[in-house]
There are 2 protein chains.
Amino acid sequence: MLNRRFAILTFVFFSSFWLSPLACAQSDPLPSWNDGATKSAITEFIARVTTEGGSNYVAPAERIAVFDNDGTLWSEQPVYFQFAFAIDRVKAMAPEHPEWKDSEPFRSIFAGDVKGALASGKKGVAEIMAVTHAGMTTDAFAGTVRDWIATARHPKFARPYDELIYQPMVELLAYLRANGFKTFIVSGGGVEFMRPWVENAYGIPPEQVVGTSGMVTYELNGDKPVLKKEAKIEFIDDGPGKPVGINRFIGRRPIFAAGNSDGDLQMLQWTTLNDGPRFALIVHHTDAEREFSYDRESQVGKLDKALDEAPGRGWTVVDMKSDWKTVYPAAKQ
Amino acid sequence: MLNRRFAILTFVFFSSFWLSPLACAQSDPLPSWNDGATKSAITEFIARVTTEGGSNYVAPAERIAVFDNDGTLWSEQPVYFQFAFAIDRVKAMAPEHPEWKDSEPFRSIFAGDVKGALASGKKGVAEIMAVTHAGMTTDAFAGTVRDWIATARHPKFARPYDELIYQPMVELLAYLRANGFKTFIVSGGGVEFMRPWVENAYGIPPEQVVGTSGMVTYELNGDKPVLKKEAKIEFIDDGPGKPVGINRFIGRRPIFAAGNSDGDLQMLQWTTLNDGPRFALIVHHTDAEREFSYDRESQVGKLDKALDEAPGRGWTVVDMKSDWKTVYPAAKQ
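A quick note: this is a predicted structure, and the numbers were derived from the prediction, not measured.

Turning our eyes to something else, we now look at the relation of the copies chain A and chain B. Relating the two copies of this chain is a rotation about some axis coupled with a shift parallel to it. Between chain A and chain B, the superposition needs a rotation of 180° and an axial shift of 0.0 Å, giving an RMSD of 0.0 Å. Look at the turn and shift together and you get a two-fold axis relating the two. Identified as the residue of chain A closest to the rotation axis by C-alpha distance is Phe-249 of chain A, at 3.2 Å. By residue overlap, the copies meet face to face through one surface: 100% of the interface positions of chain A are interface positions in chain B.

Given 3.6 residues per helical turn, the α-helix brings residues three or four places apart onto the same face. Residues and elements named next belong to chain B. Those residues of helix H13 (residues 305–313) that fall on the buried side of the exposure criterion are Ala-306, Leu-307, Glu-309 and Ala-310. The buried residues of H13 all sit within an arc of 165° when viewed along its axis, so they share a single face. Exposed positions of H13 whose direction lies more than 90 degrees from the buried face are Lys-305, Asp-308, Pro-311 and Gly-312. Against helix H12 (265–272), strand S6 (279–284) and strand S7 (316–319) lie the buried residues of H13. Of the residues flanking the end of H13, it is Gly-314, one or two places downstream, whose phi is positive at about 75°.

Facing 38 residues of chain A, the contacting portion of chain B comprises 38 residues. For the pairing of chain A and chain B, the buried interface totals around 3200 Å² over both sides, and the portion due to carbon and sulfur atoms is 51%. The largest per-residue losses of area from chain A upon contact with chain B belong to Glu-207, Tyr-218 and Arg-248 of chain A, which jointly make up 21% of the total buried on that side. Across the chain A-chain B interface, the total number found is 10 salt bridges. Between Arg-313 of chain B and Asp-223 of chain A there is a salt bridge, and its shortest N-O distance comes to 2.8 Å. Inspection of the chain A/chain B interface yields 22 residue pairs in polar contact (both at pLDDT 80 or more). For the side of chain A that touches chain B, the elements supplying multiple residues, two or more each, are helix H8 (138–151), strand S2 (182–190), helix H10 (191–202), strand S3 (209–221), strand S4 (224–235), helix H11 (241–249) and helix H12 (265–272) of chain A. Residue composition of the side of chain A that touches chain B, grouped by class: 18 nonpolar, eight polar and 12 charged.

This part takes up the packing of aromatic side chains. Under the criterion given, the structure shown has 47 aromatic pairs over all chains. Look at Trp-74 of chain A and Phe-193 of chain A: their rings are 6.4 Å apart centre to centre, the planes differ by 50°, and that puts the pair in the tilted class. With Trp-74 of chain A in the loop between strand S1 (64–67) and helix H4 (81–93) and Phe-193 of chain A in helix H10, the pair connects residues that are 119 residues apart, well separated along the chain. Each member of the pair, Trp-74 of chain A as well as Phe-193 of chain A, is classed as buried. Centre to centre, the rings of Tyr-166 of chain B and Trp-324 of chain B are 5.2 Å apart; their planes meet at 50°, and the pair counts as tilted. Of this pair, Tyr-166 of chain B sits in the loop between helix H8 (138–151) and helix H9 (167–178) while Trp-324 of chain B sits in the segment after helix H14 (320–323), placing them 158 residues apart in sequence. For the pair shown, Tyr-166 of chain B and Trp-324 of chain B are each scored as buried. Among the aromatic residues, ring-to-ring pairing joins Trp-74, Phe-81, Phe-85, Phe-141, Trp-148, Tyr-161, Phe-193, Trp-197 and Tyr-202 of chain A into one connected group. The lysine or arginine in question, Lys-156 of chain A, covers the ring of Phe-292 of chain A, its NZ or CZ lying 4.4 Å from the ring centre. The ring of Phe-235 of chain A has Arg-248 of chain A lying over it, and the distance from NZ or CZ to the ring centre is 4.5 Å.

What counts, and where the lines are drawn
Residues numbered from 1 in each chain as written. Chains lettered and ligands numbered in written order. Predicted model: local features only at pLDDT ≥ 70, side-chain atom pairs only at ≥ 80, totals over all residues. Heavy atoms only, no water. Least-squares fit on C-alpha atoms with pLDDT ≥ 70 in both. Contact = heavy atoms within 4.5 Å. Buried < 20%, exposed > 50% of the residue type's maximum accessible area, 1.4 Å probe, protein only. Helix = DSSP H or I, 4+ residues; strand = E, 2+ residues; numbered from the N terminus. Arc of directions from axis to C-beta. Buried area = accessible area lost by both parts, 1.4 Å probe. Salt bridge = Lys/Arg side-chain N within 4 Å of Asp/Glu carboxyl O. Polar contact = N/O pair within 3.5 Å; in protein donor to acceptor, adjacent residues only side chain to side chain. Nonpolar A, V, L, I, M, F, W, Y, C, P; charged D, E, K, R; others polar. Phe/Tyr/Trp six-rings, centres within 6.5 Å; stacked < 30°, edge-to-face > 60°. Lys NZ or Arg CZ within 6 Å of the ring centre and 35° of its normal.

Without other data, these values stay purely geometric and don't point to any function.
Listed below in structure tokens is the structure:
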């Protein structure tokens, strides 16, 4: 035992001298990104804005970076994960709602036919969202989200949903923060759905999450104040709503933005079409084997206009298949 | 010259040995607060929540402190400063609006009769706010706020408005941050009106300001994206709206809250009526000489219900006259 410990200590001690090329490789802040133009574009931008005295230097307070979530920080196929959560909630709530048995979109859900439920259109989807996302306190809702994240499994990968986050993007977030950036999520997803788990997954605290939100009302019941979630949308943080949400919640114009769909187009425009150094990144889903492959024709995460606009605007497009060494982090157990 | 410099250096050097009681007094984090029960309540709370291993220890991430602005961090008499800004803007915009000359509430404003303008009621006030706070880009509006803060003077004190901030509260904010707190403004005032100057005044960055907001829309004009302010209220961050705003923008429940009026009542309830260590502070305006004296009957900053509720809830009430050594910071020049 002692010998083995000594051998390890010796190895650790000498490796710092002898294995310096390895040590350098290990200190790469973006180890899950393959070397190439995409990775270089990122690291060169960060070097430019953090070099004091340089013409592109940006003061730390102005280093605001915004990230879409669905399809940019975690997967979004075959359906948005928040919709998968809603489907599971409908099933869990079914015993208290015998009246759902015979009516759409619930009947399709109980029959395991998610496409059928979606076929009920906006009205059906709105009903699913309303019954699963309203009528309870914010605390109770956060509890159902935490339970679901802990227990649900993705149909293709059979892993918890919060393990289907993109390891290269988690590294990018940490790299930005290590360089003085404040990182925000700006997502079309529900803000109350994201906050319970994103801090642990991405290192982004709840107060740096901007998302779609429903109306909430305050009630004081005796000595117990609660916030109740109502079945009414308050703000849709998607498309042109993203720069609006950035202005409302952050109040500074970002210098770095990442997205993956046309819902991010206006956020990328707002971030980049301004003076000074600016950076925009689009995650292009090109990897059917390790993740999913989709863009212009997809129902979920459609990427069409933003992909056309990218070259002219100087936006960096990530080719998931060739730019990412790994997609997901290693399983936790 | 040399002798004098030597004498000063000698003094500084020896004072660290000989004048240690003075040195201690100088390291008081709240020098503008008189010693007494109010100051002790604050410092004892901070000691409790920051003592690792103590039963009341709170992890830094959960150390959220929220502050009302008008009447809590700066003065609000004789009219809310944002209304004074709006009045000045109406006067500045008058040459482009000859039609205002003969109609209320503008006629009263031009006659120097602010009370007359206010007598036009909600409709008149809404019109004043609409013409001065909408119809321009967010950038243009921020510019008018910065210009006004730089040039306008308060009628009673003849000082710039951002010098009528409360020195004891500025110290409290810094003291909280030095103890790992994240400090937020949660104000009924307009978020776009506060953000241009609060960072400099209080050390609170734009992304930590929650306030009342108007609708904003995104437009892309060629290669120039803008956000336009519309004459429509989006969110009123007052009364029961304050816990709603805290939930929407911060997403964590604060453990420390400060306010001064009934508009803060629900924020103080939401902050304190929960498990664990909690602290609420009410600034009571008792100092007619150095500031203003008002509470239950005031049109601006009415403090009635919250004052009644304070003793039973264990909220700390600041008596401005006796608790504060100074009210405002020294003039900048």
